[in-house]
Amino acid sequence: MIVRRPTSGRFEETLALLQAADTAVWGASDWTAAELREDWSRLDLDRDAWLVELDGRLAGVAHLLDRKGGTFVADAYVHPESTGRGVGSFLLALLEDRARERDDEWPVGERICLQAAHVVGDERAPELFRSRGYELARSFFRMVADVSRRHPAPVWPPGIEVRPFDVEAHGRALHAAQEEAFAHEWGHVERTYDEWHERAFVRPRIDPALVTLAWEGDELAGFALNYPKRMGDWGWIGQLGVREAWRRRGLGLALLHESFGRFHATGETTVALGVDTENPTGATRLYERAGMHVLWQADLWEKELRPGSRVVPAAGPERSATIAG
């Protein structure tokens, strides 16, 4: 196997491999050129990304996507015509070695692990992860809704008012509400406002008209952070959250219906989100009640690189990272 680094000249070839790997498992792919460009734009391609060639053709792709506290988040894909030849194990070894090389970033006292996921239906993947010492940690759904037709209008709880979103005026309030709403969710890692702002508004393309903020007086009660054409060729609900004091009043369903309506008004036909299958707030049931259904399930595996002396939250997969409250 020959290891190379991604370059612009191999972009289309890499994208084709990612799409072929998905299609072999679930019959389609949510990888788009925009999504791969966004990933590559925020990666150190000379250190944290790999292309693996076998028999003169591209056989595998891997990215060390992120570090959330003591958790490194990665992805790895093998071309369906190259499966069963050790490419997947080789890619995981590259990722593990690189995470260890970055030990100067390891938080003191925290457990250090590497996470990667696969779409359920890839029969070889579980055994591959187990053979390298990974354990199944969590599962996530990608859920979608058809918004080519109008969904019911939102029914807002008494006292709730929806106001236009402005990043500069409302960014810090949204950040604070997001931290509170997800504080006890599996995979949540607290971030400073500047870190969160970069991830929420700078790298992804934001359309303020799609973002829904629900207020009660001066208090931000709930929110839907929506993006045009992200994580696939569809509208993307990046985060949907309701603060504890406003839960169980129908606000989550109202935020969903409002989001569907806004996407419909732009001409979008499909809306998607990702959700933890064990979400404690009952998010999956809420989404099904709103008319969404599961497109695929991803199982998240993790390998411990160093035990920790103190307990911190786990992270969660990069491309299934929406945990809605």
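All figures in this text were calculated on a predicted structure; none of them were measured in a lab.

The next point concerns the packing of aromatic side chains. Overall, the coordinates contain 10 aromatic pairs when judged by the stated rule. Centre to centre, the rings of Phe 11 and Trp 40 are 5.5 Å apart; their planes meet at 85 degrees, and the pair counts as edge-to-face. Of this pair, Phe 11 sits in helix H1 (residues 11–26) while Trp 40 sits in helix H2 (residues 33–41); the two residues are 29 residues apart in sequence, bridging distant segments of the chain. The burial state of Phe 11 is the same as that of Trp 40; both residues are buried. What links up through ring pairs into an aromatic cluster is the set Phe 165, Tyr 193, Trp 196 and Phe 201. The residue whose ring lies beneath Arg 230 is Tyr 227, and the NZ or CZ to ring-centre distance is 5.1 Å.

Moving on to the packing of H1 against H2. Running from N to C, H1 and H2 cross one another at 115 degrees; their axes reach a closest spacing of 10 Å. In terms of axis orientation, H1 runs roughly perpendicular to H2. With respect to the hand of their crossing, H1 and H2 are arranged in right-handed fashion. Contacts between H1 and H2 involve Phe 11, Thr 14, Leu 15 and Leu 18 from the first element and Ala 33, Leu 36, Arg 37 and Trp 40 from the second. A breakdown of the residues in the contact of H1 with H2 according to their chemical character gives 6 nonpolar, 1 polar and 1 charged.

Here the focus is the sheet that holds strand E4 (residues 71–78). Spatially, the 12 strands line up as an open sheet ordered E1-E2-E3-E4-E5-E12-E6-E11-E10-E9-E8-E7, and their pairing is mixed. Each of the sheet's edge strands pairs with one partner strand only, and the pair in question is strand E1 (2–4) and strand E7 (161–163). Neighbour to neighbour, the strand axes of the sheet diverge by 25 degrees on average, direction disregarded. Direction of pairing for strand E10 (residues 235–242) relative to strand E11 (residues 270–276): parallel, over a ladder of 2 bridges. Residue pairing across strands places Trp 236 opposite Ala 272, the latter belonging to E11. Helix H5 (residues 167–181) rests against strand E8 (212–216), strand E9 (219–227) and E10 of the sheet, and its axis sits at about 95 degrees to E9. Sheet contacts for helix H6 (residues 193–202): strand E3 (57–68), E9 and E10; angle to E9, the most-contacted strand, approximately 50 degrees.

Before going further, it helps to spend a moment on helix H7 (residues 251–265). Between its first and last C-alpha atoms H7 spans 21 Å; for 15 residues at 1.5 Å apiece the expected length is 21 Å, and the two agree. Burial of H7 is extensive: 11 of the 15 residues sit out of reach of the surface. Among all positions in H7, only Leu 251, Gly 252, Ala 254, Leu 255, Leu 256, His 257, Glu 258, Ser 259, Phe 260, Arg 262 and Phe 263 are buried. A positive backbone phi angle near 95 degrees is found at Gly 267, which sits one or two residues after H7.

About the cut-offs
Residues numbered from 1 in each chain as written. Predicted model: local features only at pLDDT ≥ 70, side-chain atom pairs only at ≥ 80, totals over all residues. Heavy atoms only, no water. Phe/Tyr/Trp six-rings, centres within 6.5 Å; stacked < 30°, edge-to-face > 60°. Helix = DSSP H or I, 4+ residues; strand = E, 2+ residues; numbered from the N terminus. Buried < 20%, exposed > 50% of the residue type's maximum accessible area, 1.4 Å probe, protein only. Lys NZ or Arg CZ within 6 Å of the ring centre and 35° of its normal. Axes fitted to C-alpha atoms, helices over the stretch in contact; angles between N-to-C directions. Parallel < 35°, antiparallel > 145°, perpendicular 65-115°, else oblique. Left-handed = near helix turned anticlockwise from the far one by under 90°. Contact = heavy atoms within 4.5 Å. Nonpolar A, V, L, I, M, F, W, Y, C, P; charged D, E, K, R; others polar. Pairing = 2+ DSSP bridges. Expected span 1.5 Å × (residues − 1).

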